[in-house]
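Read off the chains here:
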Amino acid sequence: MNDDCIFCKIIKKEIPSEFVYEDEYVAAFKDLNPLAPVHVLVVPKIHIESLEEVNEENMEYIDKIHLAFKKIAQITNVSESGYRIISNCGRDAGQEVKHLHYHFLAGKKLGIQ
Ligand code: 5GP
Ligand code: ZN
């Protein structure tokens, strides 16, 4: 965990957040500034900076995140209507928070971007 990281603080419940799903490896909470009716941030419960820092050792967390997506879809009631997963990595993608996260977007017809 990283003391200066806002998502590490959310995982440790030091900053309140609206959790949608949680297990030993994964935390999923509502985005503060939602871009869709359903906008959940899905993060590993260890500090990985971005996709650039994924490796064989932390891959278990990535596996668990992928398993969590369809659970989050069930919880938010969008399994049938669908959802989109986005992870911004680095400057050109506009990654603001340097703790790997996947945007889970759903609840409306999403445009191509
Ligand atoms: P990025 O641009 O890094 O891919 O996305 C960061 C996301 O984190 C943004 O959508 C932003 O609204 C969200 N965010 C930033 N700070 C907080 C916070 O303190 N709590 C929650 N729930 N979301 C946050
Ligand atoms: Zn962190």
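Structure shown above.
Residues numbered from 1 in each chain as written. Chains lettered and ligands numbered in written order. Predicted model: local features only at pLDDT ≥ 70, side-chain atom pairs only at ≥ 80, totals over all residues. Heavy atoms only, no water.

Visitor: For this particular structure, what's the right way to read the packing of aromatic side chains?
Guide: By convention here, two paired aromatic rings are described through the distance between centres and the angle between planes. The final tally for this structure, using the stated rule, is five aromatic pairs. Relative to Phe29, the ring of Phe19 lies with its centre 5.9 Å away and its plane at 50°, an arrangement referred to as tilted. Taken together, the positions of Phe19 in strand S1 (residues 19-22) and Phe29 in strand S2 (residues 26-30) put the pair ten residues apart, joining distant regions of the chain. Looking at Phe19, the relative accessible area reads 24%, which means it is partly exposed. Taking the relative accessible area as the measure of exposure, Phe29 reaches 1% and is therefore buried. Taking the centre distance of 4.7 Å and the plane angle of 15° together, the rings of Tyr83 and Phe104 count as stacked. One end of the pair, Tyr83, is in strand S4 (residues 83-86); the other, Phe104, is in strand S5 (residues 102-106), with 21 residues separating them in the sequence. Tyr83 gets classed as partly exposed once you look at its relative accessible area, which sits at 35%. Relative accessible area serves as the criterion here: at 0%, Phe104 is assigned to the buried category. (Phe/Tyr/Trp six-rings, centres within 6.5 Å; stacked < 30°, edge-to-face > 60°. Helix = DSSP H or I, 4+ residues; strand = E, 2+ residues; numbered from the N terminus. Buried < 20%, exposed > 50% of the residue type's maximum accessible area, 1.4 Å probe, protein only.)

Nothing here speaks to function; it is geometry throughout.
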